[in-house]
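# Per-entry structural report
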Amino acid sequence: MSTIVSTVVVSENRPAEVPAAEPPAAVAPQPPRRRRRGLALRVLLHVGFVGAVLAAWEVSSGRWIDPLLLSKPSEVLRQLWDWIVTGHLVFHLQFTLTALAIGFLLGAVVAFGLAVLFAELPRTGRFAEIYIIVFNGIPTIALIPVFIVWFGFGIETKIFMGFLTVFFIVFIASFQALRNTDSRYLELARVLEANTWQRLVKFRLWAAVPFLASAFKLALPATALAVVTAEFLGSNRGIGFLLIRASNLLDMASLFAAVLVVTALVQILTLAAAALESRLLTWVPKEKK
Amino acid sequence: MTTLATGSPPRVDGADTPDPAISVRDVGHAFAADTAVVEALRGISLEIPAGQFVSLVGKSGCGKSTLLNILAGLLTPTGGEITVHGSGLPGLPNRGYITQDTRLLPWRTALQNVALPLELHGVGKKERLDRARRLLERVGLGDAAHQRPDQLSGGMRQRVAIAQALVYEPAVLLMDEPFGALDVWTRESLHDLLLDVQAELGTTAILVTHDVGEAVSLSDRIVTLAPRPGRILGDYTISGSGRPRRHDALRDDVLADLQDRIRRDLGADV
């Protein structure tokens, strides 16, 4: 064979030497002060708006609106302050929070324990799961009268309501999570010859933690509401009792004050759960939160 | 001078033949798909001497990953027999396994991930952290010991995975496209690292790849597989040139020829 003449041509085009970089003067980062002023303005706008609505409410109540239907904001705040200084608020809040804490802890621990057990014993798990799903379908609120017959008007009924609410949320979330551990983790466990106990403790439980955290975040405010609802239907203490008593007495200022307390309670619990999660679970990818 | 041997490596039943680290005897594997039985592997026999770097090359569907998973003990073959000889640190698995998507545990730091195999087999805390730290330094990640996987780049995560697979000094290192998701420069630096550590520990390495260049660059021996059912097509042993063979070395006539032959074996643009 004779020499092959290549027909490929490569031409090179080098860009001209770029002169030494000078810092661009025109584009300066926005000074933080201006950004802070923007934020202050927005906050001021919201404060002004809410203030105006409250002022309009204040002025119209008793003039155009029957104060028996809608109390004045000033009256609501006065009532709230009254509860604070007399210790009423602490007395009732203590009851609600105690029921909430005991119910939540018991429910979360029992639900998680059962979920681990059922995930480790798949046959038992499959058998029992159907009952848990059916029971979850029963509206617990409709059962409060039954619980009152069983447990009376004391704190036990409220704890049990809280318990049931957390139980189903946490059980379903953690059972699902434990049964569906990312197969890559299980493969790693197999390659590294981890035993059954290690596979549970060092792989599957950890992998379930983000799902557990979401369940807790969902369950905490829901449990608070369940406890307050149980207090509606038979109690002589608690925030729910404050609400229902005010309603019976047509004391709108107290009623609104109690609503304010419940709202604040649920909000604080939601925020606290979210803050705790982002503090403790820094390793969880953002999209899973 | 690079030389090339085709076919099974000459079997000399003499005293100086190294014991095989891996023997695969007539392995076949079939699994049930929706309606039919798919035969993934048929009649695979291989003897791999200790310390050899072998690449399994083939198109997708040729069963190379299935074969690797069988070697890793993740799959039990439906026919034939495999034996993996040799051992790592006492009481630890004798196989290491790395894949394209690293299986690092996101809740553990790089150091804790590397120490995990030792932790699972009862190595004391101080010793396992010392070993893990040494290996992390070996793969150039001494500074990243306390970072978690999500804080590391893809190449760094792959380094951690390599360190984890080597921390217990397994006799055999199994790799399934470990460099597939990385850019060229990261890949080349990991090639260097892998060959250094492999030589240092005398590890037998099996690499599954579809990249012919990568296989020729790294291997002592290349086994090509044909698809459906997966079976061995060619078996090439390269000797007489240092590894990794960089792109200029791959232009060597013998190696260029080998790459062409492998591509022809596989029958298409691999």
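Structure shown above.
Anyway, here's the lowdown on the structure attached to this text. Just so it is clear, the structure is predicted and the values come from calculations on it, not from any experiment.

What follows covers the overall build of chain A. Within chain A one finds 10 helices and zero strands. What you see in chain A, going N to C, is helices and strands ordered as α-α-α-α-α-α-α-α-α-α. In terms of overall dimensions, chain A is more spread out than a globule: its C-alpha atoms have a radius of gyration of 30 Å, far above the 19 Å expected for 289 residues. Taken over the C-alpha atoms alone, chain A extends approximately 110 × 65 × 30 Å along its principal axes. A buried classification covers 29% of the 289 residues belonging to chain A. Sequence-distant contacts in chain A: of pairs separated by 6 or more residues, those separated by 24 or more amount to 74%.

At the junction of the two partners, chain A supplies 13 residues and chain B supplies 14 residues. Elements with a minimum of two residues in the side of chain A that touches chain B: helix H7 (183-191) and helix H8 (196-232) of chain A. In terms of residues, the side of chain A that touches chain B owes the most to one element, H7 of chain A, which gives six residues. Broken down by class, the residue content of the side of chain A that touches chain B amounts to eight nonpolar, one polar and four charged.

What follows deals with the nonpolar core. Side chains that are nonpolar tend, in soluble globular proteins, to be buried together. Membership of the largest hydrophobic core comes to 132 residues, with the highest contact counts inside it found for Val170 of chain A together with Val114 and Ile206 of chain B. Among the elements that make up this core, the one with the highest residue count is helix H6 (residues 155-179) of chain A (16 residues). Among residues more than four places away in sequence, those in contact with valine 114 of chain B are Ala132, Leu135, Leu136, Val160, Ala163, Gln164 and Val167 of chain B.

Calculation notes
Residues numbered from 1 in each chain as written. Chains lettered and ligands numbered in written order. Predicted model: local features only at pLDDT ≥ 70, side-chain atom pairs only at ≥ 80, totals over all residues. Helix = DSSP H or I, 4+ residues; strand = E, 2+ residues; numbered from the N terminus. Rg over C-alpha atoms; globule rule 2.2 N^0.38 Å. Buried ≥ 20, exposed ≤ 12 C-beta atoms within 10 Å, placed from the backbone. Contact = placed C-beta atoms within 7 Å. Nonpolar A, V, L, I, M, F, W, Y, C, P; charged D, E, K, R; others polar. Core = buried A, V, L, I, M, F, W, Y, C linked by C-beta atoms within 7 Å.

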